[in-house]
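# Observations on chain architecture
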Amino acid sequence: MIDGTEEDQEFGLEDDSGAVIAAVGRQIKLWREAAGLRAAELGSLIGYSENMVFKVEGGRRIPQPDFLDRTDTAVGAAGKVAAMKKDVEEARYPRKVRDLAKLEAEAVELGAYAGVVIHGLLQTEEYARALYGQRQPSYTEDDIERLVAARMARQVVFDRRPAPLLTFVQEEATLRRRTGGRMVLRRQLEHLLELSQLRHVEIQVMPMEAEEHAGLGGSHRILKLKDGKTVGHNEVQLISGLITDPRQVQILEMRYNLIRSQALTPRLSREFIEKLLGET
């Protein structure tokens, strides 16, 4: 199962990555104590605060590469602390995010209908942070930073070469809801317009006045992979998963194609977003 991009279930924080970060933190603490350094002293040597050192050692903050390099030198680990950079990089994001990013990296075509919020691949950092800040049960600030970083990291899909075809249909309501406030929404709308100018990206709007709508069953996506396979991804409250059964994938693909035909064209959608931006 791979979690989605729009609902609370997207990133489970209790996974293998948390265990790896905790283990790295314990190792750093052991090396620091063996070197006879207090946390404040290590922080002074490597250019980080005492609080940051404690957070890293407690597994509550993911160390940056330079944190590990400087710590390695400060405690005389002879490369043993710096060598953990590879493990930290792999564990930087929750496993479910890594799985989804891998799937997106294999896609030659990706289509997504988003009916609740702006699709994760289209979100600005401020918009994503506002979303995570509203989730219940609430996330800690450290969790929010980690989740936002993970979501932003997946947006490398736009820079892939050869470029995949990326199509999105956004429900009009998602473009009007002032998630994070007026300025966050304005920047989000501007970002959508910027992305819509990319030749391999098409963004469409499903207007609320549309009488025919094939997407009332909820947000979903279709991914066509390099090996010729097509898979789907369906999202509902607290349940989100990859769909590989050919018959079910065919249904999702049919619905997505209908949604695109019922939505505004990419050109009219840009004009619609520009109009909303002027009103925001």
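Note that this is a predicted model, so its numbers are computed, not measured.

About the criteria used
Residues numbered from 1 in each chain as written. Predicted model: local features only at pLDDT ≥ 70, side-chain atom pairs only at ≥ 80, totals over all residues. Heavy atoms only, no water. Core = buried A, V, L, I, M, F, W, Y, C linked by side-chain atoms within 4.5 Å. Buried < 20%, exposed > 50% of the residue type's maximum accessible area, 1.4 Å probe, protein only. Contact = heavy atoms within 4.5 Å. Helix = DSSP H or I, 4+ residues; strand = E, 2+ residues; numbered from the N terminus. pLDDT = per-residue confidence, 0-100. Arc of directions from axis to C-beta. Pairing = 2+ DSSP bridges.

The biggest cluster of nonpolar side chains holds 31 residues, and the ones touching the most others in it are Phe158 and Phe168. In contact with Phe158, not counting residues within four places along its chain, are Leu121, Leu122, Leu166, Phe168, Leu195, Leu198, His200 and Val201. If you look at the next biggest cluster of nonpolar residues, it comprises 19 residues, including Met52, Val56, Phe67 and Ala91.

With that settled, consider the environment of Thr71. Mapped onto the fold, Thr71 is located in helix H4 (residues 65-75). Accessibility expressed as a relative area gives 0% for Thr71, which makes it buried. For the pair formed by Thr71 and Gly47, sequence separation is 24 residues and the distance between their alpha carbons is 9.8 Å. When residues no more than four places from it in sequence are discounted, the contact partners of Thr71 are Ile28, Leu42, Ile46 and Val81.

This brings us to the side chain of His119. Locating His119 in the fold gives a position in the loop between strand S1 (107-114) and helix H7 (125-134). Classification of His119 by relative accessible area gives buried; the value is 2%.

Summing up the model confidence of the protein chain, the mean pLDDT is 89 and the portion of residues at 70 or higher is 90%. Confidence over residues 1-14 falls short of pLDDT 50; this stretch has 69 contacts with residues more than four positions distant or in other chains.

A separate point is H4. What H4 keeps buried is the set Phe67, Leu68, Thr71, Asp72 and Val75. Within H4, the buried residues cover an arc of 130° as seen down the axis, which keeps them to one side.

We now examine H7. For H7, every residue scored as buried is listed here: Tyr127, Ala128, Ala130, Leu131 and Tyr132. Lining the buried residues of H7 we find helix H8 (141-153), helix H9 (172-176) and helix H10 (182-196).

Of all 7 residues making up strand S2 (residues 165-171), 6 are buried, and the element is well covered by its neighbours. Two strands pair when backbone bridges link them, and S1 and S2 are joined in this way by 6 bridges, in the parallel orientation. What sits directly across from Ala112, in S2, is Phe168. As paired strands, S2 and strand S3 (residues 201-206) are joined by 6 bridges and run parallel to one another. What sits directly across from Gln170, in S3, is Val205.

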